[in-house]
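What the coordinates show
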2 protein chains.
Amino acid sequence: MHAFSRTVSGHAAPVRPAQLREQPQAVSFHAAGSEIYGQGERAKCLYQVEFGAVRVYRLLADGRRQISAFYLASETFGFEADAVHHFFADALVATGIRIIRPSATDMAAQLLPLALRSLTRAQEHLLVLGRQSAVERVAAFLLDLAERQGGFDHVDIPMSRIDIGDYLGLTIETVSRAFSRLKQDRIIRLLSSRSVEIVRRKTLSDMSE
Amino acid sequence: MHAFSRTVSGHAAPVRPAQLREQPQAVSFHAAGSEIYGQGERAKCLYQVEFGAVRVYRLLADGRRQISAFYLASETFGFEADAVHHFFADALVATGIRIIRPSATDMAAQLLPLALRSLTRAQEHLLVLGRQSAVERVAAFLLDLAERQGGFDHVDIPMSRIDIGDYLGLTIETVSRAFSRLKQDRIIRLLSSRSVEIVRRKTLSDMSE
DNA sequence: CGGGAAGTTGATATAACTCAAGGTAGGTGG
DNA sequence: CCACCTACCTTGAGTTATATCAACTTCCCG
């Protein structure tokens, strides 16, 4: 169903698709937790994940956080409607980021497909947040992650339970209980808290639609 | 700002704007509830609302519905990452739709800003669905609607409580109680169930951030 | 007027949140 | 190499916001 699933593997060395004809740029390294850009900063380029993972999020005045997307190896982020960032972006783990400055001439033609993919993703996520239960949300999350890591049964989870909660609109405890429930029902196996094996994929995908 | 934002009432006969006569061949009429496109249909063009209002939504297998966006007069919708619609779109009230076929040459340049605006909108809506209470969601909804209708204190609501619920991830009863609460606190006045006056805009906007 | 759809309000149920206590694992220094 | 420390995670118990079920009201529209 997702059109953007040609990522090879979350574990292998990062693959860089030649989607964008960009001026060659150095890859910058970001330690876990370090900021890539902040809300209000001037948006001047795009970012492509070489290795590692990134979270993009907004904050409410009282500190509530909504992660709008995670980006894995080979994925591109940082689009803005105007010249200013409306979100924060930081590294989840040690991460390499390639900076991309599309040439002015055909910038739109290069950006449009990427922007539309992000739009579709965000719209699908609205359905999850608006209408799915905690277990359904976690099921959809795991399937999405698996697909973006190559569609294998083994899923590597580069983010904490807090991050998952802030992405799915749940608390850390509810996320943990959803994992436990899926494990108890033999739908997944928890190799560690950051490593999951999908045992009954069909059941999982039935839950998320 | 928006050409046709001063709709008098969701029930009144649709007003036929002057532009319509200038390009009559491109406009189609849709009665309330009639489908504009369906999930799985081939996406071949964009749509601009001339008058009326449109809802774009997805369904889960068991009938749960998530409205991902409403579109009002002058707004454009129908972008897809691939050539297939992933959502349903239908008219909320009697609606005029202009069909747009961007010329192949500069399609991307025209579409990109529209797509990015939709993306920003969807991302902001994620924050509402993921992290805000029922009253906060309704407050954000009313402010958004007011802004898109020209920023006046009087807000015309072209959709039912069910539609609002399916947009905000709430039930019809919870939406109704949120309206009643805002009314009771003298933040809004309910002229009718489809017509609201914003009395304390600052309070309302403080609630939604 | 009368009937039906839409909206409101009340009572109760429940999923998820909050608060609290333990458990686990990876990293560091002894 | 082990023991401790700290982060993160899990589980349990009680609370709360929203959903559900149900009755009543209002407003169109014939």
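Cut-offs used in this document
- Residues numbered from 1 in each chain as written.
- Chains lettered and ligands numbered in written order.
- Predicted model: local features only at pLDDT ≥ 70, side-chain atom pairs only at ≥ 80, totals over all residues.
- Heavy atoms only, no water.
- Helix = DSSP H or I, 4+ residues; strand = E, 2+ residues; numbered from the N terminus.
- Contact = heavy atoms within 4.5 Å.
- Least-squares fit on C-alpha atoms with pLDDT ≥ 70 in both.
- Pairing = 2+ DSSP bridges.
- Near = heavy atom within 4 Å.
- Polar contact = N/O pair within 3.5 Å; in protein donor to acceptor, adjacent residues only side chain to side chain.
- Nonpolar A, V, L, I, M, F, W, Y, C, P; charged D, E, K, R; others polar.
- Expected span 1.5 Å × (residues − 1).
- Buried < 20%, exposed > 50% of the residue type's maximum accessible area, 1.4 Å probe, protein only.
- Arc of directions from axis to C-beta.

Here we take up the overall build of chain A. A tally of regular secondary structure across chain A gives five helices and 11 strands. Long-range pairs, those at least 24 residues apart, make up 71% of the contacts in chain A with a sequence separation of at least 6.

For the pair chain B and chain A, the best superposition has an RMSD of 0.2 Å and corresponds to a rotation of 180° with a translation of 0.0 Å parallel to the axis. With respect to symmetry, the two chain copies, as superposed, fit the operation of a two-fold axis. With an isologous cut-off of 70% or more, the 95% of interface residues of chain B that recur at the interface of chain A puts this contact in the isologous class.

What follows concerns the sheet that holds strand β1 (residues 27-30) of chain A. All names here are of chain A. Judged by pairing direction, the sheet is antiparallel, and its four strands sit side by side in the order β1-β8-β3-β6 without closing on themselves. Of all strands in the sheet, those with a lone pairing partner are β1 and β6 (76-77), marking the two edges. Across two bridges, strand β3 (residues 46-51) lies against β6 in antiparallel orientation. Each bridged residue has a counterpart across the sheet, and for Y47 the counterpart in β6 is F77.

Every one of the 16 residues lining DNA strand D counts as a neighbour, but R161, S180 and R194 of chain A together with T174 and R177 of chain B are closest to it. Restricting the count to atoms of DNA strand D within 4 Å of the protein gives a sugar and phosphate share of 62%. R177 of chain A places a side-chain nitrogen or oxygen 2.9 Å from a base nitrogen of DNA strand D. Secondary-structure elements contributing two or more residues to the surface near DNA strand D are α4 (172-184) of chain A together with α5 (172-184) of chain B. Broken down by element, the residue count for the surface near DNA strand D peaks at four residues, all from α4 of chain A. A breakdown of the residues in the surface near DNA strand D according to their chemical character gives two nonpolar, eight polar and six charged.

Looking now at α4 of chain A. All names here are of chain A. If you check α4, its first and last C-alpha atoms are 18 Å apart, about what 13 residues at 1.5 Å a residue would give, namely 18 Å. Residues V175, A178, F179 and L182 constitute the buried set of α4. In a view along the axis of α4, the buried residues occupy a sector of 100°, so they form one face of it. Among the exposed residues of α4, those pointing more than 90 degrees away from its buried face are R177 and Q184. Residues of α4 that are buried in the fold lie against α2 (134-148), α3 (161-168), β10 (188-192), β11 (195-198) and α5 (201-207). One or two positions beyond α4, positive phi appears at R186, with a value near 60°.

This next bit is on the protein's contact with DNA strand C. If you check the shell around DNA strand C, you find 16 residues, and the closest are A134 and T174 of chain A together with R161, S176 and S180 of chain B. At the protein interface, 64% of the atoms of DNA strand C within 4 Å belong to sugar or phosphate. Here S176 of chain B contributes a side-chain N or O atom positioned 2.8 Å from a phosphate oxygen of DNA strand C. Taking R194 of chain B, its side chain carries an N or O atom lying 3.0 Å from a phosphate oxygen of DNA strand C. Breaking the surface near DNA strand C down by element, the ones donating at least two residues are α4 of chain A together with α5 of chain B. For the surface near DNA strand C, the element with the highest residue contribution is α5 of chain B, accounting for four residues. Looking at the surface near DNA strand C, its residues break down into two nonpolar, eight polar and six charged.

Here we take up the sheet that holds strand β6 (residues 76-77) of chain B. Reading across from one edge, β1-β8-β3-β6 (chain B) is the order of the four strands in this open sheet, with antiparallel pairing throughout. Edge positions in the sheet fall to β1 (27-30) and β6 of chain B, since each has one partner strand and no second.

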